[in-house]
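Each chain is listed here by its residues.
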Amino acid sequence: MVKERIGDFVKFQKTEVINRPETIFGRKEKSDKKFSDSSGNSVNKLIPVASLILAVLITLSIRLFLYEGINHLNNGTPGSVTILEEPELLDALRNAQDRGVLLAMHGWAHEDYSTLTPLQIKENIEKGKYVFEKAGIVPVAFILPEEPIHGTIDASLKREIESNGIPTELPVLETDGTYRNEYTWNWREMESLEDSRYQEASEQIREDNPTTILLHAQDWNPYTKQFITDYLSSTNERNVTIRVDDVEVNTRPEMVSDMAQLTQYESVGQVAFAVIPAGAGKGDNPAIGNININRIMGVYFWFFIITSLLPLSFFATWKLLSKWHKNRKQNRYLLEDGRDPKDPNTKGPILVSVISPAYNEEKSIGKCLQSILNQDYKGKMEVIAVNDGSSDRTAEIISKYPVKLLDLKVNGGKANALNKAIEIAKGDILIFTDSDSYMAPNAVSSLVKCLNENEEAQMVAGNVFIHDNRGKKGIMKYFQMIEYRTEQEIIRHLQGLSGSILVCPGPLTAVRRKVCDVISFSNETIVEDADFTIKALKNSIKIIQEPEAIVYTDAPETVKGWYKQRKRWWYGNLQLWRLHKKWAMKNPWMIFNYSGYITGICSIILIMSIPYLILQYDNIPMILMSGILCLAFSIMLYIIYIGPLFATDKRLLLMLIPYVLIYATIKVVVISSLFLCYLTGKGVKVKFGAKSFVVR
């Protein structure tokens, strides 16, 4: 069947104003210039909420797994030290013992004994006894790490520990000993006696008048000392027990000596130190000034969890649940209606106008037009190719094809070229494509079918993939093939579920004619397709995705070419944010996109500082092993989430690891540098068509 082409070989040498067909808007619609979205949303609105909850649970589980794995790695590392390797600390502990301080064993390395097997418990206690014996210290009891706040140990665990010949309680004085309060918990960063915590604890301890007080060595400072000595000097009790937990290899000897002096008070019956025999050495718990580096690393870890792992889990879960919901709904329709919802009764053929602007595209315009002419769409179709003031043979090549040629003698930019073509287009549906892109044979029919099936939708975004010519490809092209597929199949797919796609791509987009009667393309930004899309969303236009409508485009094969392209895209996105800021701040997807610039800068700062932080540790191999563990697990998780998209393309599946390690790093560096230029007002020179801009 030969398709009817409208306006074959018509050549417009000048810009003409063509009378548009009468708008289908009523007067109220025309004055408001708004489209109402008669919801009918096929996706349950609870799915994103459920996906977020599941993603949080998954992320927290993974975080716990990594945390426990790293701790296990650290505790099992030969580089861990014992108190035997800290002679000054040992002297302080022996002196404290001579003053009457009771020394108890506080686990081996402060592990959770409720999770250990009887054999592990026995081994840890034997190791602890050996260290105490070598140190000349007598362990009077075993103080359980992670002890319940009420002080009551599980009976079976108590028996298991005591079967190794060591009691689980301190000697009992002539007090009930049942009330224990830690008034100074987390006072390690207290800076003033005027601190509200100090005042509240002072009032509480006077009211309680306790006979047993629990402290932690980490919280011993001048304020804790003042608090305890004030109470011991004023109470009328005479058998107060003071227990200090977590004395370990990094506890300062002078701190041990200072705490041991509590035995001199008449109100004190006994002072006991719960000593951890083994742990990370001072070099494995370094600090910069008063800032603990382990805490900095903890902040890095949470940054990674929140900015990378959580969004990935959320998007993957959302897509999985939405796919399940869609399949379930389709199966229900099949049972109820006896028909396949994928093949509904579509409307008759519609006149379609396919518009392709071109500027100096003599190498690709022919292939682009041929792909349009090879479409399997059975209705009427006109093809309008716009030569936007090209200085090469673009116009000559276009004239050889049975299409309309709109020949603009002066380059006015892509937005202007599209607007001029829209003026002369006669179709009920307009389809835009780029002259360096090539449509799949069913692209037009898929877009038209999608609009027929979804009457409330006004725009449809096609899927853009990198052209795979099976020829020689550089690694950058492979990376972009992965990037495009991931973007289309996850981010744009999820945006389409709510009819809120942020970018209807220039290579393939379909709109109903009435959209262009309200919105036109603009040169206010250098990303005219995204700007057009956002204006449509601001007019309450529903925009969806049609995964069957595919277009292939060429991708830069060098880092330099890729940088030029992305520089324009990313700076254009910043322009969009500034131009539509009020609307963007209410759109979750816009906020997510913009936050990528901020997290990118934070990531660069973190990455650059990590080598310096690692060098502060003594046991660098152990720290590197921990980092490698996190990295390897993260890559594995990424492949689990993303890998199914490339199940049929083993080449790309194998490239996922270098994609994460290399390409993601390049993107972060480039995005961050561009964003800094934007924030500082320096700007970057961008070439767009025949013009160059300094974008700020």
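Below or above, wherever it landed, is the structure these notes cover. (Residues numbered from 1 in each chain as written. Predicted model: local features only at pLDDT ≥ 70, side-chain atom pairs only at ≥ 80, totals over all residues. Heavy atoms only, no water.)

### Details of the overall build of the protein
Definition in use: Helix and strand definitions follow DSSP, with helices as H or I runs of at least four residues and strands as E runs of at least two, each counted in order from the N terminus. Only protein chains enter the area calculation, which uses a 1.4 Å probe; residues under 20% of their type maximum are buried, those over 50% are exposed, and those in between are partly exposed. In what follows, a contact means two residues having at least one pair of non-hydrogen atoms within 4.5 Å. Using a 1.4 Å probe, accessible areas were evaluated by the Shrake-Rupley method; residue-level cover was limited to the displayed protein chains.
Each helix and strand counted, the protein has 22 helices and 20 strands in total. Taken across its 696 residues, the protein has 50% of its residues classed as buried. Residue pairs at least 24 apart in sequence account for 80% of intrachain contacts in the protein once pairs closer than 6 positions are excluded. For the protein, the accessible area works out to roughly 34400 Å², and carbon and sulfur atoms hold 56% of it.

### Notes on a nonpolar patch on the surface
This is how the line gets drawn: Residues forming no salt bridge and having over 30% relative accessible area are the ones grouped into patches, like charges within 9 Å of each other and nonpolar side chains (Val, Leu, Ile, Met, Phe, Trp, Tyr) within 5 Å. A carboxyl oxygen of Asp or Glu within 4 Å of a side-chain nitrogen of Lys or Arg is what we treat as a salt bridge.
A cluster of nonpolar residues, Val49, Ile53, Leu54, Leu57 and Ile58, forms a patch on the protein surface that exposes about 410 Å² of accessible area. Here Ile58 lies in helix H2 (residues 46-75). Taking the relative accessible area as the measure of exposure, Ile58 reaches 31% and is therefore partly exposed.

### Observations regarding the sheet that holds strand S5 (residues 212-216)
What counts here: Any two strands with at least two DSSP-identified bridges between them are counted as paired. Lines fitted to C-alpha atoms define the axes, with helix axes restricted to the stretch in contact, and inter-axis angles between N-to-C directions lie between 0 and 180 degrees.
Read across the sheet, 5 strands follow the order S4-S3-S7-S6-S5 without closing on themselves; strand pairing throughout is parallel. Each of the sheet's edge strands pairs with one partner strand only, and the pair in question is strand S4 (139-142) and S5. When the angles between neighbouring strand axes are averaged without regard to direction, this sheet yields 25°. One ladder, built from 4 bridges, connects strand S3 (residues 102-105) with strand S7 (residues 268-275); its direction is parallel. In the strand pairing of S7, Leu103 is matched with Phe273. Sitting on the sheet, helix H8 (residues 253-260) touches strand S6 (240-247) and S7, and the angle it makes with S7 is about 155°.

### With respect to the packing of aromatic side chains
The test is simple: The pairing test for Phe, Tyr and Trp rings, Trp by its six-membered ring, is centres within 6.5 Å, and the orientation test on the planes gives stacked under 30 degrees, edge-to-face over 60, and tilted for anything in between. The rule for a charge over a ring is simple: NZ of Lys or CZ of Arg within 6 Å of the ring centre, and within 35 degrees of the ring normal.
Summed over all chains, the structure comprises 23 aromatic pairs. On the basis of an interplanar angle of 65° and a centroid distance of 6.1 Å, the ring pair of Phe479 and Tyr659 is categorised as edge-to-face. Of the two residues, Phe479 is situated in helix H14 (residues 475-497) and Tyr659 in helix H22 (residues 656-680); the sequence distance between them amounts to 180 residues. Given a relative accessible area of 1%, Phe479 falls into the buried group. Summarising the aromatic geometry, the rings of Phe479 and Tyr663 are spaced 5.5 Å apart at their centres and angled 45° between planes, so their arrangement reads as tilted. Of this pair, Phe479 sits in helix H14 while Tyr663 sits in helix H22, placing them 184 residues apart in sequence. On the basis of relative accessible area, Tyr663 is assigned to the buried category, the value being 0%. A connected cluster of aromatic rings, assembled from ring pairs, spans Phe479, Trp562, Trp570, Tyr638, Tyr659 and Tyr663. For Arg188, the ring lying beneath its charged end belongs to Trp185, and the centroid distance is 5.2 Å. The ring centre of Tyr438 lies 4.5 Å from the NZ or CZ of Lys367, which sits over that ring.

### Describing helix H6 (residues 196-208)
For clarity, the threshold we go by: Helix span is expected to be 1.5 Å times the residue number reduced by one. Directions are taken from the helix axis to each C-beta atom, and the arc is the one they span. Residues adjacent in sequence count toward polar contacts only when both atoms are side-chain atoms; beyond that, a polar contact is any pair of N or O atoms within 3.5 Å, and within protein one must be able to donate a hydrogen and the other to accept it.
For H6, which comprises 13 residues, the first-to-last C-alpha distance of 18 Å matches the rise-based estimate of 18 Å (1.5 Å per residue) to within 8%. When we look at burial in H6, the residues that qualify are Tyr198, Ala201, Ser202 and Ile205. Seen end-on, H6 carries its buried residues on one side only, within an arc spanning 105°. Exposed residues pointing more than 90 degrees away from the buried face of H6 are listed as Glu200, Glu203 and Glu207. By the N-cap criterion, in which a side-chain oxygen at the helix start approaches the backbone nitrogen of a residue two or three places on, H6 is capped by Asp195, the distance to Arg197 being 2.8 Å. With its phi angle positive at about 50°, Asn209 sits one or two positions after the end of H6.

### Quick notes on the nonpolar core
The following threshold applies: Buried Ala, Val, Leu, Ile, Met, Phe, Trp, Tyr and Cys residues form a nonpolar core when they are joined through side-chain atoms within 4.5 Å.
Counting 127 residues, the largest nonpolar core has Leu369, Ile431, Phe432, Met439, Val444, Met459 and Ile642 as its most contacted members. The greatest single-element share of this core, amounting to 10 residues, is contributed by H14. Tyr113, Ala201, Phe227 and Leu232 belong to the second largest nonpolar core, which has 54 residues in total.

### Re the environment of Asn360
Relative to the helices and strands, Asn360 is located in the loop between strand S11 (352-358) and helix H10 (365-373). Accessibility expressed as a relative area gives 28% for Asn360, which makes it partly exposed. Separated by 32 residues in the primary sequence, Asn360 and Asp392 have C-alpha atoms spaced 5.6 Å apart. Each residue touching Asn360, except ones within four places of it in the same chain, is listed here: Ser390, Ser391, Asp392 and Thr394. Engagement of the side chain of Asn360 in a polar contact is seen with the backbone nitrogen of Ser391, the distance being 2.7 Å.

### Here we look at the environment of Gly269
Position of Gly269 relative to the elements: it lies in strand S7. Along the primary structure Gly269 and Thr241 are separated by 28 residues, whereas in three dimensions their C-alpha atoms are 5.7 Å apart.

### Examining empty space enclosed by the protein
The following threshold applies: Lining residues are those with an atom within 4 Å of a point, where the points come from a 1 Å grid over the protein atoms alone and group into cavities, where a 1.4 Å probe fits but cannot get out, or pockets, open sets with protein on both sides within 12 Å along at least five of seven lines. Grid points are joined across faces, edges and corners, and a volume is the space filled by probe spheres set on the points. Each residue receives one of three labels: charged for Asp, Glu, Lys and Arg, nonpolar for Ala, Val, Leu, Ile, Met, Phe, Trp, Tyr, Cys and Pro, and polar for the others, Gly being one of them.
According to the stated counting rule, one finds 1 cavity of 30 Å³ or more in the structure shown. Its boundaries defined by the atoms lining it, the largest cavity holds a volume of some 90 Å³. Of all the elements in the fold, those that place two or more residues in the lining of the largest cavity are helix H12 (414-424) and helix H16 (528-538). Counting residues per element, the lining of the largest cavity draws most heavily on H16, which supplies 3 residues. Its residues assigned to classes, the lining of the largest cavity comprises 8 nonpolar, 3 polar and 4 charged.

### Considerations on the pairing of S5
Most of S5 is tucked away: 5 of the 5 residues are buried. With burial as the criterion, each face of S5 is covered, one bearing Thr212, Leu214 and His216 and the other bearing Ile213 and Leu215. Bridge count for S5 against S6 is 5 bridges, and the pairing is parallel. The residue of S6 that forms the bridge with Ile213 is Ile242.

### Quick notes on the side chain of Lys567
Put simply, the rule reads: His is not counted, nor are the chain ends, whereas Lys and Arg count as positive and Asp and Glu as negative.
By the element assignment, Lys567 lies in helix H17 (residues 559-579). Nearest to the buried, unbridged Lys567 among oppositely charged side chains is Glu528, at 16 Å.

### Thoughts on the side chain of Ser353
With respect to the element layout, Ser353 can be found in strand S11. A distance of 2.4 Å separates the side chain of Ser353 from the side chain of Glu382, its partner in a polar contact. Among the polar contacts made by the side chain of Ser353, one reaches the main-chain amide nitrogen of Lys426 at a distance of 3.5 Å. Setting aside residues up to four positions removed in sequence, Ser353 forms contacts with Glu382, Ala425, Lys426, Gly427, Ile429, Leu430 and Ile431.

### Re unusual backbone geometry
What is expected of a backbone is that most residues other than glycine have negative phi and most peptide bonds are trans. Even without glycine at this site, Asn186 takes up a positive phi of about 65°. Mapping Asn186 onto the fold places it in the loop between helix H5 (155-162) and H6. Not every positive phi belongs to a glycine, and Asn209 is a case in point at roughly 50°. Locating Asn209 in the fold gives a position in the loop between H6 and S5. Residue Asn209 is classed as partly exposed on the basis of its relative accessible area, which comes to 26%.

### Brief notes about the pattern of salt bridges
Counted according to the given criterion, the structure contains 24 salt bridges. Its salt-bridge partner being Lys477, residue Glu557 comes within 3.7 Å of it at the nearest N-O pair. Taken as a pair, Glu557 in the loop between strand S18 (543-553) and H17 and Lys477 in helix H14 lie far apart in primary sequence, 80 residues in all. Here Glu557 falls in the partly exposed class, since its relative accessible area comes to 43%. For Glu483, the salt bridge is made with Lys667, and the minimal N-O distance between the two is 3.0 Å. Of this pair, Glu483 sits in helix H14 while Lys667 sits in helix H22, and the two are 184 residues apart along the sequence.

Just geometry here; none of it tells us what the structure is for.
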